[in-house]
Amino acid sequence: YKRVICEYLEKRRMLTTRIVIEQPVYVPIAAYGMIYIKKHFDHCREEVEELLRHMLDGINSEHSFGETVCFHDIYHALEQLECVEEIYDFTLVSENPAASEVYGLDIRLEHNALYYPGDIVLELGMK
């Protein structure tokens, strides 16, 4: 397919341009943290992990290649869960550093990279 596409585009390109077709790169994003939950909430782990998997799923959503994984958006969404009392420690880590770059707390992806959920390791406790 790549060869056929290149041949098609080569005939239609301007003389001063170059055509490059790159393969996509998929970057797993891991989440680690300690979250305190409110009393009387039984299934908080499932709710928290489901939210993280949803927010870190760039493949089955309208996110595009090269987008930044915004730490603040994910942290704020976790804070808004009814069962969460406090987020003591929370970190997002790219499991493919060659296709991403850490910028502050955010993870910036290469232009041909798309993220998906990696390891989610959470400790849940009560205060």
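A brief report on the enclosed structure follows.

1. A look at the pairing of strand β1 (residues 25-37)
Right, so step 1: Judged by how many residues are buried, β1 sits mostly within the fold: 10 of 13 residues are covered.
Right, so step 2: Two elements, β1 and strand β6 (residues 113-126), share 12 bridges in a ladder whose sense is parallel. Counterpart to V27 in the pairing with β6 is Y115.
Right, so step 3: Judged from the 9 bridges that link them, β1 and strand β3 (residues 84-94) form a sheet pairing that is antiparallel. The residue bridging G33 from the neighbouring strand is F90, located in β3.

2. A look at the pattern of salt bridges
Right, so step 1: One pass over the structure, following the stated rule, counts 3 salt bridges.
Right, so step 2: A salt bridge links R3 to E7; the shortest N-O distance between them is 3.1 Å. With R3 and E7 both in helix α1 (residues 2-10) and 4 residues apart, this pair spans about one turn of that helix.
Right, so step 3: Between E10 and R13 there is a salt bridge, with the nearest N and O atoms lying 2.6 Å from each other.
Right, so step 4: Note on E10: relative accessible area 40%, which makes it partly exposed.

3. Details of the nonpolar core
Right, so step 1: Formed by 28 residues in total, the largest nonpolar core has its most connected members in I29, V48, L52, V69, L78, F90 and L92.
Right, so step 2: Broken down by secondary-structure element, the contributors of at least two residues to this core are β1, α2 (44-55), α3 (71-80), β3, β5 (106-109) and β6.
Right, so step 3: Ranked by the residues each element gives to this core, the list is headed by β1, at 5 residues.
Right, so step 4: In contact with I29, not counting residues within four places along its chain, are L56, V69, L92, V93, S94, I107, Y115, Y116, P117, G118 and D119.

4. Re the sheet that holds β5
Right, so step 1: The 3 strands are arranged β2-β5-β4 in an open sheet whose pairing can be described as antiparallel. Two strands close off the open sheet at either side, each with one partner strand: β2 (68-69) and β4 (100-103).
Right, so step 2: Note: β4 against β5, 4 bridges, orientation antiparallel. Across the sheet, the residue bridging to Y103 is D106, located in β5.

5. As for the environment of I74
Right, so step 1: With respect to the helices, strands and loops of the structure, I74 is situated in helix α3.
Right, so step 2: Excluding anything up to four places from it in sequence, I74 contacts L52, M55, L56, V69, F90 and L92.

6. Regarding unusual backbone geometry
Right, so step 1: Positioned with a positive phi, H40 is a non-glycine residue whose angle comes to about 75°.
Right, so step 2: Here H40 lies in the loop between β1 and α2.
Right, so step 3: Residue classification places H40 among the exposed residues on the basis of a relative accessible area of 78%.

Definitions and cut-offs
- Within each chain, residues carry numbers counting from 1 in the order of the written sequence.
- Under the rules for a predicted model, residues below a pLDDT of 70 receive no local features and side-chain atom pairs below 80 are neither given nor counted, while totals for whole chains, interfaces and linings still include all residues.
- For side-chain calculations, the full set of non-hydrogen atoms in the structure is used, while hydrogens and water are omitted.
- Buried residues are those whose accessible area, probed at 1.4 Å on protein chains only, stays under 20% of the maximum for their type, while exposed residues exceed 50% and partly exposed ones sit between those limits.
- Numbered from the N terminus, helices here are DSSP runs of H or I no shorter than four residues, and strands are runs of E no shorter than two.
- Pairs of strands are assigned from DSSP output, requiring at least two bridges between the strands.
- Salt bridge, as used here: a side-chain nitrogen of Lys or Arg that lies within 4 Å of a carboxyl oxygen of Asp or Glu.
- Take the buried Ala, Val, Leu, Ile, Met, Phe, Trp, Tyr and Cys residues and link them wherever side-chain atoms come within 4.5 Å; each set so joined is a nonpolar core.
- Here a residue-residue contact requires only that any non-hydrogen atoms of the pair lie within 4.5 Å.

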